[in-house]
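Each chain, written out:
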Amino acid sequence: MNKRILLAKRPEGLPTADTWQLDIQPVPSIEEGEILVRNHYVSLDPAMRIWVTNARSYLPPVQLGDVMRAGTVGEVVESRDPRHPVGTFVQTWGGAQQYSALPGKQAYRVDPSLAPLTSFIGGLGMTGMTAYFGILEEGRIQAGETVLVSGGAGAVGSVAGQIAKIKGCRVVGVAGGPEKCRYMKEELGFDGAIDYKSDNLFKAVRRECPEGIDVYFDNVGGDMLDIALANLRMHARVLICGAISQYNEPVTQGPKFYLNLINMRASMKGFLVLDYASRYAEAAKEMAGWMAEGKLRSHEDVYVGIEQFHDTFLRLFSGDKHGKVVLKVLE
Ligand code: NAP
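Every value quoted in this text rests on a predicted model; they were computed, and no experiment measured them.

Novice: Is there a simple way to explain the site of the ligand in this structure?
Specialist: Taken together, 27 residues lie around the ligand, and Lys180, Tyr196, Tyr247, Val273 and Lys321 are the ones closest in. Take Val156: an N or O atom from its main chain is 2.8 Å from an oxygen atom of the ligand. One of the side-chain nitrogen or oxygen atoms of Lys180 is found 2.5 Å away from an oxygen atom of the ligand. Contact with the protein chains covers 90% of the free accessible surface of the ligand, which is 920 Å². Contributions of two or more residues to the shell around the ligand are made by α2 (126-138), α3 (155-166) and α9 (309-318). In terms of residues, the shell around the ligand owes the most to one element, α2, which gives 3 residues. Looking at the shell around the ligand, its residues break down into 16 nonpolar, 9 polar and 2 charged.

Rendered as structure tokens:
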């Protein structure tokens, strides 16, 4: 049988347990050109909160009664596509379920001998790609620049900050609580840390970035974005990766200090990792090299059981997790 998480109700504010419904169906059959994947791991992402809102975004909203959209990694257990023989492993949008039947052309082969399967959801998966293309292509970072990363202990932010360190930047991370600040400095090698839960953000940014910010990689939005905007250097780049502080709010808080973009001849730009899909293999190769050399680490925080979907999802918003949140759905 196939256990699946369906969208049962559109949430208002933070999702509640009845936002989702656990449903059990027979394992689906496949047609010519399709594969059946037994999912091992499901990626839990802040963007899921956007996808369950009935509003226009970069992807259509998940419909009520549909399997929740999710990135997955799993093993091909039946195949009618010669590109993906039985026993190979693939990364795809399999949804929050234990088995996915889908066209083989929508799946990407991964090699489990290169890295643990969870890496293909985390550091070598979508979040790692977001960090890589965000900081390098969109941020155009230069050695010696000061880079501020919010969500700095999280899946995307931790990797973005480490890549900036590899490229010779001075990196300051923002995260919630003393343990995450210690982690960013002592384990990720960041030069400075700001605890958004207890520091005065204005003073802390001045303390950690006394010369101002060249690149702000924003994962959280809200007040943090404002304070970064107020502290830009000339020709700064503000990268809007996400705004998790706003995802459960009925109205998004807009930036107050955007006129500083004029003063500093700075830019502010949103970007989407999906636009770089054709270059994921190139990025994964370079990042796997950095990982092998011990220059880059990604931590996947694995929770077990599809029944834990809701509680695990909420950890993204409480911060009660360490690195990339992954749900093991294999039984
Ligand atoms: P994550 O950072 O691993 O987890 C979310 C973190 O957000 C939490 O751990 C918490 O940090 C922080 N957070 C939650 N609520 C907050 C609030 N009200 N104020 C400040 N911080 C808060 O998640 P992720 O997967 O790496 O995603 C990070 C961001 O990137 C999200 O905004 C996501 O939507 C975005 N994203 C964008 C793209 C793209 O293509 N543009 C792709 C992937 C992800 P602490 O643990 O430090 O408290």
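Novice: Is there a simple way to explain the side chain of Thr92 in this structure?
Specialist: With respect to the helices and strands, the residue Thr92 is situated in strand β5 (residues 89-92). For Thr92, the side chain forms a polar contact with the main-chain oxygen of Gln106, separated by 2.8 Å.

Novice: I would appreciate a short explanation of the packing of aromatic side chains in the present structure.
Specialist: Centre-to-centre distance and the angle between the planes together describe a pair of aromatic rings. Applying the stated criterion across every chain yields a total of 10 aromatic pairs. Measuring from ring centre to ring centre gives 6.4 Å for Phe202 and Phe257, while their planes differ by 65°; the resulting arrangement is edge-to-face. A residue pair is termed long-range when its members are at least 10 positions apart, and Phe202 in helix α5 (residues 201-208) and Phe257 in the loop between β12 (232-240) and α7 (260-263) qualify at 55 residues. Owing to a relative accessible area of 33%, Phe257 belongs among the partly exposed residues under this scheme. By way of ring pairs, the aromatic residues Trp20, Phe309, Phe313 and Phe317 are connected into one cluster. Between the NZ or CZ atom of Arg69 and the centre of the ring of Trp51, over which it lies, the distance is 5.2 Å.

Each value, and the rule that gives it
Residues numbered from 1 in each chain as written. Predicted model: local features only at pLDDT ≥ 70, side-chain atom pairs only at ≥ 80, totals over all residues. Heavy atoms only, no water. Near = heavy atom within 4 Å. Polar contact = N/O pair within 3.5 Å; in protein donor to acceptor, adjacent residues only side chain to side chain. Areas by Shrake-Rupley, 256 points an atom, 1.4 Å probe, with all protein chains shown as cover. Helix = DSSP H or I, 4+ residues; strand = E, 2+ residues; numbered from the N terminus. Nonpolar A, V, L, I, M, F, W, Y, C, P; charged D, E, K, R; others polar. Phe/Tyr/Trp six-rings, centres within 6.5 Å; stacked < 30°, edge-to-face > 60°. Buried < 20%, exposed > 50% of the residue type's maximum accessible area, 1.4 Å probe, protein only. Lys NZ or Arg CZ within 6 Å of the ring centre and 35° of its normal.

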